[in-house]
Amino acid sequence: MPKPLVFMMGQSPAILPVDRRYARNHMWVIEMGETLRVGFSAYAVRLLGDMRHLEWSVEVGTEVLAGQQIGFVEASKATSDLYSPMPGRITSFNDSVLSDPGLINSNLYDSAWLMELQGVCDGLLDPEPYVRHLEASWPLAQRLLKGQAGRNPNQDPR
Amino acid sequence: MCDAMPVIFSEPRPGDADQQELVLLLTNALMSRKAVDLTIVPHLYDLEPTGPTMEFLREIEEPMIVISWLYPRAAFWTLKTAGIAGQLAEEPADQEERERPVWCLGLHSEVDPKSILDEVDRILAGAAAPFSGRSDNREPTRRVEDTRERWYPVIDRDRCSGCLECLNFCLFGVYGTDSSDDILIEQPDACRPGCPACSRICPEGAIMFPQHGDPAISGDAKASLEGLKLDLSQLFSGADPSAQALAERDRAVETMQSQPKPAGGDRLDSLVDELDEMDL
């Protein structure tokens, strides 16, 4: 198997297998016959931390648009709404990760896939362009994280 | 029998007249108590661990009271990190505990000075042996040391689980490990002023930035850790990075307009300036 690409998030490597493509919203997509299987990239998992809870707000059979909100994830470091990486019809969700979201941390590129769709791979990036996308957006992603981490909702007079 | 209990009074950072007034009121009231041996030191958080004031504090072996502009938990672990032995005491009975008790009383601009003095009196009254009282009428001891405003994480070792998430997350090389692989704040002054991100990343809420405006980050033991999680929806929507930056700028501007300026508020100005310079 070809060597995966690595994107360094500070001192932490995000491993990116080259046998699949990636969406700009940090999900991987791999063709499985007539369906497209989707999961989180290591970049996403690294930012989120240990997965605690995963839920979908749409049902199997739903036609979704690229960027449509389809679910929610809560992890040790962060929460996020989840968005479809491409247009298509959802054919299945992975029950294993719904019942044990922690599988995503241990097996994110294999058995811990999130869902399968039938659709067109519009707008997906090959691994190298995805790494370039990460390189280009990493400083701004950091600013976003730090800006939010620095938010100050309860100003204390001290 | 001791004549008096060491009371360490940490000065505020310069510039706030209300705080200076409170200092004067409290130090005068403390000096009127013969059972108090008062020493005034520069702002505790800004002291260098290797400096003469921390060295002086390390030499105090008896139970002591520390009054500072920090939450008690933040003050205690700042001292502990500098090698000052003891345990954070809360009740007068804690004087019976195995380790030397250190009472840490937190000040802020709106604190009722009477509540601080009452607490000092309560601790003095609970002393294992009564104090004979100072016979002199001297001024408080003042430790003078050049300090600068610092920004670095303080770890609550009672909460830290040793997961090293902070080490992995920090981009500035602040953290390291010792020979037992325990977390170490290796280069505190490499920390980016104003950035408390590792505090939010810490699953145990063990990392404090005592000068941060959010009580859950600055060391309030009672503050909830809920709501500290980052919301990454913007990143995971696949939004264009320039749109993210604009949203960040808008948030920074909104924050500046809606809230009083924190001590480290200049960072917001520079952040907005930086983003403006990007010509997005």
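Residues numbered from 1 in each chain as written. Chains lettered and ligands numbered in written order. Predicted model: local features only at pLDDT ≥ 70, side-chain atom pairs only at ≥ 80, totals over all residues.

## What about the overall build of chain A?
Stage number 1. Scanning chain A for helices and strands turns up four helices and 11 strands.
Stage number 2. Going through the 158 residues of chain A one by one, you find that 42% of them count as buried.
Stage number 3. Taking the intrachain contacts of chain A between residues at least 6 apart in sequence as the baseline, contacts between residues at least 24 apart amount to 60%. (Helix = DSSP H or I, 4+ residues; strand = E, 2+ residues; numbered from the N terminus. Buried ≥ 20, exposed ≤ 12 C-beta atoms within 10 Å, placed from the backbone. Contact = placed C-beta atoms within 7 Å.)

## Digging into the overall build of chain B
Stage number 1. On a plain count of helices and strands, chain B comes out with 10 helices and 11 strands.
Stage number 2. Residues classed as buried in chain B amount to 38% of the 280 residues present.
Stage number 3. Restricting to contacts in chain B with at least 6 residues of sequence separation, those with at least 24 account for 68%.

## Let's talk about the sheet that holds strand 8 (residues 69-75) of chain A
Stage number 1. With mixed pairing, four strands are arranged side by side in an open sheet as 6(A)-8(A)-9(A)-11(B). One side of each edge strand has no neighbouring strand; the edge strands of this open sheet are strand 6 (51-56) of chain A together with strand 11 (230-231) of chain B.
Stage number 2. Looking at chain direction, strand 8 of chain A and strand 9 (residues 78-83) of chain A are connected through five bridges and run antiparallel. Counted as the bridge partner of A:Val73 is A:Ser80 from strand 9 of chain A. (Pairing = 2+ DSSP bridges.)

## Let's talk about the nonpolar core
All names here are of chain B.
Stage number 1. Counting 61 residues, the largest nonpolar core has Val-7, Ile-65, Val-66, Ile-67, Ala-75, Val-102 and Cys-166 as its most contacted members.
Stage number 2. Formed jointly, this core draws a minimum of three residues from each of two domains, domain 1 (5-142) and domain 2 (154-277).
Stage number 3. Residues within four places of Cys-166 in sequence aside, it is in contact with Tyr-175, Ile-183, Cys-198, Ile-201, Cys-202 and Ile-207. (Core = buried A, V, L, I, M, F, W, Y, C linked by C-beta atoms within 7 Å. Domains from an automatic or database assignment.)

## Notes on helix 1 (residues 17-31) of chain B
Residues and elements named next belong to chain B.
Stage number 1. The end-to-end C-alpha distance of helix 1, which contains 15 residues, comes to 21 Å, matching closely the 21 Å that a straight helix rising 1.5 Å per residue would cover.
Stage number 2. Those residues of helix 1 not exposed but buried are Gln-19, Leu-22, Leu-26, Thr-27 and Leu-30. Down the axis of helix 1, the sector holding all buried residues measures 125 degrees, keeping them to one side. Turned more than 90 degrees away from the buried face of helix 1 sit Ala-17, Glu-21, Leu-24 and Asn-28, all of them exposed. (Expected span 1.5 Å × (residues − 1). Arc of directions from axis to C-beta.)

## Observations concerning helix 4 (residues 113-125) of chain B
Residues and elements named next belong to chain B.
Stage number 1. End to end, helix 4 covers 18 Å across 13 residues, agreeing with the expected 18 Å (1.5 Å per residue, within 8%).
Stage number 2. Among the residues of helix 4, those classed as buried are Ile-116, Val-120 and Ile-123. An end-on view of helix 4 places all buried positions within 65 degrees of arc, on one side of the element. Of the residues in helix 4, the exposed ones pointing more than 90 degrees away from the buried face are Lys-114, Ser-115, Asp-118, Arg-122 and Ala-125.
Stage number 3. Against strand 1 (5-10), helix 1, strand 3 (64-68) and strand 5 (101-106) lie the buried residues of helix 4.

## A few points about the packing of helix 1 of chain B against helix 4 of chain B
All names here are of chain B.
Stage number 1. The interhelical angle for the contact between helix 1 and helix 4, taken along N-to-C directions, is 30 degrees, at an axis separation of 11 Å. On the basis of their axis angle, the class for helix 1 and helix 4 is roughly parallel. Like other packed secondary-structure pairs, helix 1 and helix 4 cross with a definite hand, here right-handed. Of the residues in helix 4, those in contact with Leu-22, Leu-25, Leu-26, Ala-29 and Leu-30 of helix 1 are Pro-113, Ile-116, Leu-117 and Val-120.
Stage number 2. Partitioned by chemical class, the residues of the contact of helix 1 with helix 4 number nine nonpolar, no polar and no charged. (Axes fitted to C-alpha atoms, helices over the stretch in contact; angles between N-to-C directions. Parallel < 35°, antiparallel > 145°, perpendicular 65-115°, else oblique. Left-handed = near helix turned anticlockwise from the far one by under 90°. Nonpolar A, V, L, I, M, F, W, Y, C, P; charged D, E, K, R; others polar.)

## Details of the sheet that holds strand 11 (residues 115-119) of chain A
All names here are of chain A.
Stage number 1. Here we have six strands laid out as an open sheet, ordered 3-4-5-11-10-7, and antiparallel in their pairing. The strands lining the two open edges of the sheet, one partner per strand, are strand 3 (21-22) and strand 7 (63-64).
Stage number 2. Pairing between strand 10 (residues 88-93) and strand 11: five bridges, direction antiparallel. Paired with Phe-93 across the two strands is Met-115, which belongs to strand 11.

## Structural notes on the pairing of strand 1 (residues 5-9) of chain A
All names here are of chain A.
Stage number 1. Pairing geometry for strand 1 and strand 2 (residues 12-16), over five bridges, is antiparallel. Among the inter-strand pairings, Leu-5 is bridged to a residue of strand 2, identified as Leu-16.
Stage number 2. Counted between consecutive antiparallel strands, the loop separating strand 1 from strand 2 contains two residues, among which Gly-10 sits at a positive phi close to 65 degrees.

## Some remarks on unusual backbone geometry
Residues and elements named next belong to chain B.
Stage number 1. Notably, Leu-164 is not glycine yet its phi reads approximately 65 degrees, a positive angle.
Stage number 2. Of note, Leu-164 is situated in the loop between strand 7 (154-155) and helix 5 (165-169).
Stage number 3. Judged by the 14 C-beta atoms lying within 10 Å of it, Leu-164 is partly exposed.
Stage number 4. The backbone phi angle of Asp-181 is positive, close to 65 degrees, even though this residue is not glycine.
Stage number 5. Along the polypeptide, Asp-181 turns up in the loop between strand 8 (175-177) and strand 9 (183-185).
Stage number 6. You can call Asp-181 exposed: it has 10 C-beta atoms within 10 Å.

## Some thoughts on the pairing of strand 10 of chain A
Stage number 1. As judged from the two bridges shared by strand 7 of chain A and strand 10 of chain A, these two strands associate in the antiparallel manner. Residue A:Val64 lies in a different strand from strand 10 of chain A, and its bridge partner there is A:Gly88.

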